[in-house]
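The chain contents come next:
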Amino acid sequence: MSSSRLLNACRREKTDKIPVWLMRQVGRYLPEYRELRRRMSFMEICKSPEISAELTILPVEKFGVDGAIIFSDILTPIEACGFDVRIEEGGGGVAVENLKTEKDIEKLRSYTPDSTSFVYESIRIVKKMLNGKVPVIGFAGAPFTLACYLVEGGTTRNMLSVKQLMYSNAGLWNRLMDSLTDVVLHHSREQVRAGADVIQLFDSWVGVLSPLDYRKYVMPYMKRLVREIKTAGCYVIHFATCSAGILKLMQEAGGDVIGIDWRIDIGHAWEVIGDKTGIQGNLDPAKLLADKRLIEEEARSILDKTGSRPGYIFNLGHGVLPNTPCENVKFLVEYVHSYEVDVA
Ligand code: 1CP
């Protein structure tokens, strides 16, 4: 595995080709997944390690991506704690049972990785199937983003209930974040123990916060989390959307690589982050709905800014959209691999 492009990039070493994988590379845009979903619910698939392992390696075989992200969800450990999680049919959002009181925090405190053993079993199967071909990416939701689902009961535009809790009840907020940090830490470590080479932390919604709020209400937990996950012996990719205002703070919080969305120029993002940390992103997933000429143009403009710089991983700025044509995904991956890097 030491010669893997993705891991080389995590170490900020030069690679023969630019590593590429896509967030949500397994999902509704894949006909194989849609077919499976006619027979099984999303959670049933997550809890069937043989099946989730097959799905995990599908984009490696079909498109030649440089990493296999395990088929699961950021809400899997939340459901395992006894919160009702409902994935809305037809590609909608998710509904999560609200966390209301101290007693609900006890449910998080009682989490043990035994209740999510199917994830680790899936990783073990994937490791065997891949036999070192590409690294395995485990993942978890970051505490703030999980708190959003628990407090809002789903995703909302401005996360006002979360903010209200944060600003008005510091004690409860701290206990909630502390408990979620422990859940994510235990879940991530167990994924590494099962064979995950990289852990991506999805702080998808943290961009709703001001820099000051991020520093005060989120950063201490992220610092502890990243530091302690890394002691398990893996690389950490730290991802958020709408993060232009907090990029430097995210970098300070930790991670070998910072994942960014498309709302910021990648050259500028790298200036902010500095040269001690890698960067991942940042093609707008909507570009994959366009024709190949535009996809190539847009990918090239990103690669021209980042291509030969060690520590760069090509990815989208957020997940693959459900109506994305598979042939565009294949085209993109092949184009990134064909981009000539300066190996000197
Ligand atoms: O290829 C892969 O990445 C598959 C594994 C995977 C991952 C990494 C899934 C499967 N979900 C995730 C991460 C995830 N889940 C995130 C972080 C990435 C992001 O910001 O998009 C988030 C926020 C979720 C929560 C979630 N799960 C949503 C979003 C709801 C919202 O608030 O907008 C949804 C719809 C799900 C269900 C889900 N998870 C995964 C799939 C394939 C699906 C769709 C299930 C279906 O309808 O069949």
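Residues numbered from 1 in each chain as written. Predicted model: local features only at pLDDT ≥ 70, side-chain atom pairs only at ≥ 80, totals over all residues. Heavy atoms only, no water.

## Considering the site of the ligand
The environment of the ligand is made up of 24 residues, and the closest members are Arg37, Asp73, Thr155, Ser204 and His318. In this structure, an oxygen atom belonging to the ligand sits 2.6 Å away from a main-chain N or O atom of valine 26. When isolated, the ligand has an accessible area of 880 Å², and the protein chains bury 92% of it. (Near = heavy atom within 4 Å. Polar contact = N/O pair within 3.5 Å; in protein donor to acceptor, adjacent residues only side chain to side chain. Areas by Shrake-Rupley, 256 points an atom, 1.4 Å probe, with all protein chains shown as cover.)

## Here we look at the UniProt feature "site: Transition state stabilizer" (unreviewed entry) in the chain
As recorded in UniProt, the sites labelled "site: Transition state stabilizer" (unreviewed entry) are Asp73. Note on aspartate 73: relative accessible area 16%, which makes it buried. Those residues within four positions of aspartate 73 in sequence are excluded, and the remaining contacts are Phe42 and Phe139. A polar contact is formed between the side chain of aspartate 73 and the backbone nitrogen of leucine 75, at a distance of 3.0 Å. (UniProt positions renumbered as here; feature names shortened; annotations may be inferred. Buried < 20%, exposed > 50% of the residue type's maximum accessible area, 1.4 Å probe, protein only. Contact = heavy atoms within 4.5 Å.)

## Some points on the UniProt feature "binding site: substrate" (unreviewed entry) in the chain
With numbering aligned to this structure, UniProt lists the feature "binding site: substrate" (unreviewed entry) at Arg24, Gln25, Val26, Gly27, Arg28, Asp73, Tyr149, Ser204 and His318. Mapped onto the elements, serine 204 comes out in the loop between β5 (198-203) and α11 (211-230). Taking the relative accessible area as the measure of exposure, serine 204 reaches 8% and is therefore buried. The residues touching serine 204, leaving out its near neighbours within four places in the chain, are Thr145, Phe239, Thr241 and His318. (Helix = DSSP H or I, 4+ residues; strand = E, 2+ residues; numbered from the N terminus.)

## Re the sheet that holds strand β6 (residues 235-240)
Spatially, the 7 strands line up as an open sheet ordered β1-β4-β5-β6-β7-β8-β9, and their pairing is parallel. At either margin of the open sheet sits one strand with a lone partner, and together these are β1 (68-69) and β9 (312-316). The pairing of strand β8 (residues 278-283) with β9 spans 5 bridges and is classified as parallel. When the sheet's bridge partners are listed, leucine 283 is paired in β9 with leucine 316. Docked against the sheet, helix α10 (residues 170-194) engages β4 (136-141) and β5, running at close to 170° with respect to β4. (Pairing = 2+ DSSP bridges. Axes fitted to C-alpha atoms, helices over the stretch in contact; angles between N-to-C directions.)

## Looking at the pairing of β5
Most of β5 is tucked away: 6 of the 6 residues are buried. Of the two faces of β5, both are covered, the one formed by Val198, Gln200 and Phe202 as well as the one formed by Ile199, Leu201 and Asp203. The sheet contact formed by β4 and β5 spans 5 bridges and is parallel. Its bridge partner being in β5, glycine 141 is matched across the sheet by phenylalanine 202. Relative to β6, β5 runs parallel, the two being bridged by 6 bridges. Residue pairing for β6: leucine 201 is matched across the bridge by histidine 238. With respect to chirality, the unit in which β5 leads through α11 into the neighbouring parallel β6 is right-handed. (Right-handed = clockwise from strand over helix to strand, strands pointing away.)

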